[in-house]
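# An overview of the molecular structure
Here is what each chain is made of, one letter per residue.
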Amino acid sequence: MTRSTEFLLNGSLRLALHTLAEGEGHPLLLLHGLGEQSPMSRPAWTSAWNGPVLALDFTGHGDSDVPVSGGYTPEGLMSDVDAVLAQLGPVTIVGRGFGAWVGLLIAGARTSLVHGVILFDGSGAVGGGSQPPTPYVNVLPASGTTKPDPYALLELSRDPRPPDYALDYVRFVLEDSEIENPIVVSARIRPEWLAAVAADIGVIELPLEQAIESFA
Amino acid sequence: MKSTGIANTSDGCGGRRLADVASADQTREFSGAKAPDRTGSIDSSGLRLALNEWGDPEAPVLAMVHGGFDFSRTFDVFAPMIAEAGWRVVAWDARGHGDSDHAHMYGWSADVRDHLAAIQSISSEPIVLLGHSKGGGQLLDLLDGRPSLAKAFVNLDGLPSQFSSPDVNDRERRRMRRADLASGLDRRRRRNELSRRPDTIEGLAERRQPMNPRLSREWLEYLVTVGARHDDEGWRWKIDPVLHLGGFGPWRPGWSLDHLAALEMPFLGVLSGVQDDPMGWKSRHSDIEPFLPPGGRLEYYDDIGHFLHIEQTRVIADLVLEFLEPLR
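It is worth spelling out the interface of chain A and chain B at this point. Counting residues at the interface gives 33 residues for chain A and 34 residues for chain B. In terms of residue count, the dominant contributor to the side of chain A that touches chain B is helix 1 (residues 74-88) of chain A (six residues).

So, in structure tokens, the structure goes:
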């Protein structure tokens, strides 16, 4: 099917939520990587999913609005996904790269609304590393409607992601989830935070298509 | 020193031209408090930041950066004291605070970048930078990456250290983080409906008192008249209602010490030793001293609270002026 798009509000900004496939049951929500946007059609690796397949453009990406003067943080972009949860109710998340990091955070913050999260390879998985990177402060020209927003690329590629911080969110998920294996790592490239998550006793590893099948 | 002008309406971001506003200000009297001699605005990538100035516009520049949930007018007593000693004091409101624009997104790095935009709009030469609390912590980050901005740096109780973090176990820490997460997301879901609760001047002052228990009621009431705006329902703080104390993210106080050790300009740190003040990081002299930059100076007051420059304005102003004297 040709994807259809609806817009949700997060504050004063519009977020583009694309429907890539119709279906019965709770949706599979795709979160793209840093600097990317949602796919134009349903990816083949989602074929095991019988429910709706949706994809969200993060703030400053794809068809979503660009804020004035940046201020991007992964924690702030959790509210993008939370706007979807507020509208649709429970979803299962597949996150690519940066989307995997936000997927883990929102899974830990909204345990009753995220029925499983799959962490997959993609752009922006590393962020700034486990410790703050070498300080680099620069003022960019007002970006207007340029997408991806240059501030998103700057700020979301430098945010620190300590492994113990990631494991806090793993604990939040595992303490509350009614699913047997609510966090699945399918990524092959594993920065320190993702290696720590994958090594946690409550987290399993599966190839992407099998991971989706496990939640279908 | 060559100073540049402050950007204003020509940038198209809705800023005001510098104007003499002292006579137009409606403020409650507080001994020593003085409204800014000039106001203006600067542009940070399209976001308007309100800016205030005290003192001779041709004097050497000392820029002040306020702390979290504060605003530049909290320097209304301290700044004039420094200005009277021959400095052009400039302070701006952080995004979402005071008279600056509310932003869609907030974060530590965005604040640091706003500080850079403000400093670059004020002067093309190194200036003296002073930061209180969160503002001091953010200047640590900025100056580690941009040391040439400052010819000296004064930090007023804005030196976080991991050694003085609250003594909580992992389970309790996670519980606090989780509660913070939920309240933060709930608040963002409702951001279009949020507004600051209206009250009387006295009522707002009373509500702020728990954050500033060592400051007088007269001061807090004065703060209301410069940090809140009045409408049909009463006075409301100007700060963006989506902001809340705490926030969330992986930031750790100890990361700031790496920045402190890296500094190369003359440095004065001032710590409050009052441990029961609800604000501040409670860093002790022994926490910070090993990380001081070469030649750095650290003063510790066990009888002045976190808002040192408000609680003992003359003492702190004299200390700062004495430190800066060789740099004049």
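It is worth spelling out the packing of helix 4 (residues 163-176) of chain A against helix 5 (residues 192-199) of chain A at this point. All names here are of chain A. Packing of helix 4 against helix 5 leaves a shortest axis separation of 8 Å and a crossing angle of 40°. Accordingly, the angle class assigned to the pair helix 4 and helix 5 is oblique. For the element pair helix 4 and helix 5, the recorded crossing hand is right-handed. Residues Pro-163, Ala-166, Leu-167 and Val-170 of helix 4 form the contact with helix 5, whose own contacting residues are Glu-192, Trp-193, Ala-196 and Val-197. Its residues assigned to classes, the contact of helix 4 with helix 5 comprises seven nonpolar, no polar and one charged.

Turning our eyes to something else, we now look at the UniProt feature "domain: AB hydrolase-1" (unreviewed entry) in chain A. Under the UniProt annotation, "domain: AB hydrolase-1" (unreviewed entry) lies at residues 28-170 of chain A. The straight-line gap between the two end C-alpha atoms of residues 28-170 of chain A is 20 Å; of that span, 29% is helix and 15% is strand.

So, on to the environment of B:Pro60. Among the secondary structure elements, B:Pro60 is positioned in the loop between strand 2 (47-54) and strand 3 (61-65). As for B:Pro60 and B:Asp240, which are separated by 180 residues in sequence, their C-alpha atoms are 33 Å apart.

This paragraph deals with the domain arrangement of chain B. All names here are of chain B. Domain annotation of chain B identifies domain 1 (9-165 + 250-327) and domain 2 (170-237). Once you take the C-alpha centre of each, domain 1 and domain 2 turn out to be 21 Å apart. With 18 residues of domain 1 in contact, the opposing surface of domain 2 contributes 14 residues. Of the residues belonging to the side of domain 1 that touches domain 2, the class tally is eight nonpolar, five polar and five charged.

All names here are of chain B. Relative to the assigned elements, Leu-308 resides in helix 9 (residues 308-311). In sequence terms Leu-308 and Thr-225 are 83 residues apart; their C-alpha atoms lie 21 Å from each other. For Leu-308, the residues in contact, after removing those within four places along its chain, are Leu-156, Asp-157, Val-270, Ser-272, Tyr-301 and Ile-316.

Bringing the nonpolar core into the picture now. One finds A:Val197 and B:Ala63 to be the most contacted residues of the largest nonpolar core, which totals 137 residues. When residues of this core are assigned to their parent elements, the largest contribution, nine residues, is made by helix 2 (residues 98-109) of chain A. Of the residues that make up this core, three or more belong to each of domain 1 (9-165 + 250-327) and domain 2 (170-237) of chain B. Aside from chain neighbours lying at most four places away, what touches A:Val197 is A:Leu104, A:Leu119, A:Ala166, A:Leu167, A:Val170, A:Ile183, A:Val185 and A:Val203.

With that out of the way, let us pick up the sheet that holds strand 6 (residues 150-156) of chain B. Residues and elements named next belong to chain B. Pairing is mixed in the open sheet, where eight strands are placed in the order 1-2-4-3-5-6-9-10. Since the sheet does not close on itself, it has two edges, and those belong to strand 1 (38-44) and strand 10 (297-301), each with one partner. Here the average twist between neighbouring strands, direction ignored, is 20°. The pairing of strand 6 with strand 9 (residues 267-272) spans four bridges and is parallel. By the bridge assignment, Phe-153 is partnered in strand 9 with Phe-267. Each of strand 1, strand 2, strand 3, strand 4 (88-92) and strand 5 (127-132) touches helix 2 (residues 108-122); the most contacted strand, strand 1, lies at about 125° to it.

With that settled, consider unusual backbone geometry. With omega at -5°, the peptide bond leading from A:Lys147 into A:Pro148 counts as cis. Along the chain, A:Pro148 falls in the loop between strand 6 (114-120) and helix 3 (150-155). Non-glycine residue B:Ser133 carries a positive phi angle of around 55°. Summarising the element assignment, B:Ser133 is placed in the loop between strand 5 and helix 3 (134-145). What makes B:Ser133 buried here is the crowd of 26 C-beta atoms within 10 Å.

This brings us to the pairing of strand 6 of chain B. Working note: regular strand, side chains alternate between the two faces of the sheet. All names here are of chain B. Counting buried positions over the seven residues of strand 6 gives five, a clear majority of the element. Of the strand pairs in this sheet, strand 5 and strand 6 are connected by six bridges, and their pairing is parallel. By the bridge assignment for strand 6, Gly-131 is matched with Asn-155. Handedness of the crossover joining strand 5 and strand 6 through helix 3 is recorded here as right-handed.

Residue and element names in this part refer to chain B. Taking 1.5 Å per residue as the helical rise, helix 3 with its twelve residues ought to reach 16 Å, and the 17 Å between its terminal C-alpha atoms agrees with that figure. Among the twelve residues in helix 3, eleven count as buried, and that is most of the element. Here helix 3 has its buried residues at Lys-134, Gly-135, Gly-136, Gly-137, Gln-138, Leu-139, Leu-140, Asp-141, Leu-142, Leu-143 and Asp-144. Elements in contact with the buried residues of helix 3: strand 3, helix 2, strand 5, strand 6 and helix 7 (255-262).

What counts as what
Residues numbered from 1 in each chain as written. Chains lettered and ligands numbered in written order. Predicted model: local features only at pLDDT ≥ 70, side-chain atom pairs only at ≥ 80, totals over all residues. Contact = placed C-beta atoms within 7 Å. Helix = DSSP H or I, 4+ residues; strand = E, 2+ residues; numbered from the N terminus. Axes fitted to C-alpha atoms, helices over the stretch in contact; angles between N-to-C directions. Parallel < 35°, antiparallel > 145°, perpendicular 65-115°, else oblique. Left-handed = near helix turned anticlockwise from the far one by under 90°. Nonpolar A, V, L, I, M, F, W, Y, C, P; charged D, E, K, R; others polar. UniProt positions renumbered as here; feature names shortened; annotations may be inferred. Domains from an automatic or database assignment. Core = buried A, V, L, I, M, F, W, Y, C linked by C-beta atoms within 7 Å. Buried ≥ 20, exposed ≤ 12 C-beta atoms within 10 Å, placed from the backbone. Pairing = 2+ DSSP bridges. Right-handed = clockwise from strand over helix to strand, strands pointing away. Expected span 1.5 Å × (residues − 1).

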